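One letter stands for each residue in the lines below.
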Amino acid sequence: MASDELTKLCNLCHQWLENDDEVLDYVKNKRKLPQEVINNFHLGAFPSNLNYIAKEFNVPALMKLGILRADNGVLSSVFNSNRLIVPIYDAHGRIIGFT
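Anyway, here's the lowdown on the structure attached to this text. Please read all numbers here as calculations on a predicted model, not as lab measurements.

1. Focus: the overall build of the protein
When you go through the protein residue by residue, the secondary structure sums to five helices and six strands. Along the protein, helices (α) and strands (β) appear in the sequence α-α-α-β-α-α-β-β-β-β-β when read from the amino end. Taking the principal axes of the C-alpha coordinates as reference, the protein spans close to 40 × 30 × 20 Å. Going through the 99 residues of the protein one by one, you find that 35% of them count as buried. For the protein, the proportion of contacts with a sequence separation of at least 24, taken over those separated by at least 6, is 56%. As displayed, the protein has an accessible area near 6,100 Å², and 48% of this comes from carbon and sulfur atoms. In the protein, the 10 positive side-chain charges and the 11 negative ones have mean positions that sit 5 Å from each other.

Put into structure tokens, the structure is as follows:
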């Protein structure tokens, strides 16, 4: 289950990166990462819209994984919005975290 949520989150973050012109410009032009690297390593950007994440994901599961937290009833993330993330894989190709 945890791997499923992390894979789903990785896919969402990858799409977020691809669809956000400002973040994509930063990755390609400031960080000098070509599209091939973005795709091969499935790089992503953590969404700034946590309400979207709350609708699309199992929030308690992401909280248990340490991706999301609730501070005084307000949902927050351990990642800054639009932060570049790189998935970390185990020996079986499952996503086990992000850096």
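2. Considerations on the environment of Leu-68
Relative to the helices and strands, Leu-68 resides in strand β2 (residues 68-71). Each C-alpha atom, one on Leu-68 and one on Ile-53, is 9.6 Å from the other, the two residues being 15 residues apart in sequence. Those residues in contact with Leu-68 that sit more than four places away from it in its chain are Phe-46, Leu-50, Ile-53, Val-59, Leu-62, Met-63, Leu-75, Ser-76 and Ser-77.

3. Here's the deal with the side chain of Ser-77
Within the element layout of this structure, Ser-77 appears in strand β3 (residues 74-77). What makes Ser-77 buried here is its relative accessible area of 11%. Reaching out from Ser-77, the side chain makes a polar contact with the backbone oxygen of Ile-67 at a distance of 3.5 Å. Those residues within four positions of Ser-77 in sequence are excluded, and the remaining contacts are Phe-46, Leu-50, Ile-67, Leu-68 and Arg-69.

4. Some details on the pairing of β3
Judged from the four bridges that link them, β2 and β3 form a sheet pairing that is antiparallel. Directly across from Ala-70, in β3, lies its bridge partner Leu-75. Connecting the antiparallel pair β2 and β3 is a turn made up of two residues, with Asn-72 showing a positive phi of about 55°.

So, how was this worked out
- Residues numbered from 1 in each chain as written.
- Predicted model: local features only at pLDDT ≥ 70, side-chain atom pairs only at ≥ 80, totals over all residues.
- Heavy atoms only, no water.
- Helix = DSSP H or I, 4+ residues; strand = E, 2+ residues; numbered from the N terminus.
- Buried < 20%, exposed > 50% of the residue type's maximum accessible area, 1.4 Å probe, protein only.
- Contact = heavy atoms within 4.5 Å.
- Areas by Shrake-Rupley, 256 points an atom, 1.4 Å probe, with all protein chains shown as cover.
- Lys, Arg positive; Asp, Glu negative; His and termini not counted.
- Charge placed at Lys NZ, Arg CZ, Asp CG, Glu CD.
- Polar contact = N/O pair within 3.5 Å; in protein donor to acceptor, adjacent residues only side chain to side chain.
- Pairing = 2+ DSSP bridges.

Keep in mind these values describe shape, not function.
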